[in-house]
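# Structural overview
Spelled out, the chains give:
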Amino acid sequence: MNIEGKLLEAAWQARENAYAPYSNFKVGAALLTTDGLIFGGCNVENISYGLTNCAERVAIGAAVAAGAGPFAEVAVVADTTEPISPCGACRQVLAEFGVKSIILANRVSIIRFSLDELLPRASTGILDSTT
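Residues numbered from 1 in each chain as written. Predicted model: local features only at pLDDT ≥ 70, side-chain atom pairs only at ≥ 80, totals over all residues. Heavy atoms only, no water.

## Here we look at the nonpolar core
By size, the foremost hydrophobic cluster in this structure holds 23 residues, and its most contacted members are Leu 31, Val 74, Leu 94 and Ile 102. Looking at this core, the elements that each hand over two or more residues are strand S1 (27-33), helix H2 (55-65), strand S3 (71-78), helix H3 (88-96), strand S4 (101-105) and helix H4 (115-118). Ignoring anything within four residues of it in the chain, the contact list for Leu 94 reads Ile 60, Val 74, Pro 86, Val 99, Ile 102 and Leu 115. Counting residues in each nonpolar core, the second largest holds 11 residues, with Leu 8, Trp 12, Ala 30 and Ala 105 among its members. (Core = buried A, V, L, I, M, F, W, Y, C linked by side-chain atoms within 4.5 Å. Buried < 20%, exposed > 50% of the residue type's maximum accessible area, 1.4 Å probe, protein only. Helix = DSSP H or I, 4+ residues; strand = E, 2+ residues; numbered from the N terminus. Contact = heavy atoms within 4.5 Å.)

## Structural notes on the pairing of S1
The buried count for S1 comes to 7 of 7 residues, which makes it a mostly enclosed element. The pairing of S1 with S3 spans 7 bridges and is antiparallel. Bridge pairing links Leu 31 to Val 74 in S3. Sheet analysis places S1 next to strand S2 (residues 38-42), joined by 5 bridges and oriented antiparallel. Each bridged residue has a counterpart across the sheet, and for Leu 32 the counterpart in S2 is Ile 38. A loop of 4 residues connects S1 with S2, the two strands running antiparallel in sequence, and Gly 36 in this loop sits at a positive phi of about 95°. (Pairing = 2+ DSSP bridges.)

Purely geometric stuff here, so don't read any function into it on its own.
See below:
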């Protein structure tokens, strides 16, 4: 199996562990480091929705906690009509950690984006401070 296949498989496996008692909307993510390690994440809901953690951020948190990085790409999966896309907060966190390639998938489709396509100029003015 190629690396994309492994990444998607890890994302679907992580999705199985999603804690989504309020929305019943399970999302999985898998983050690939530049040295080939894969870290999975799933959404973890809270009754106070603002405290919910998205799958992408859970995967990044797991990788950072393990001391891993830098990161190459992330896969995000869900049972949706169209492949799911990261929310704005997740896009900014992916930018923070230098994830450049994003694979989005459902059970029938796979599409790829660069982070620049999903979040143009992510670091301009925020991460490129001159002071």
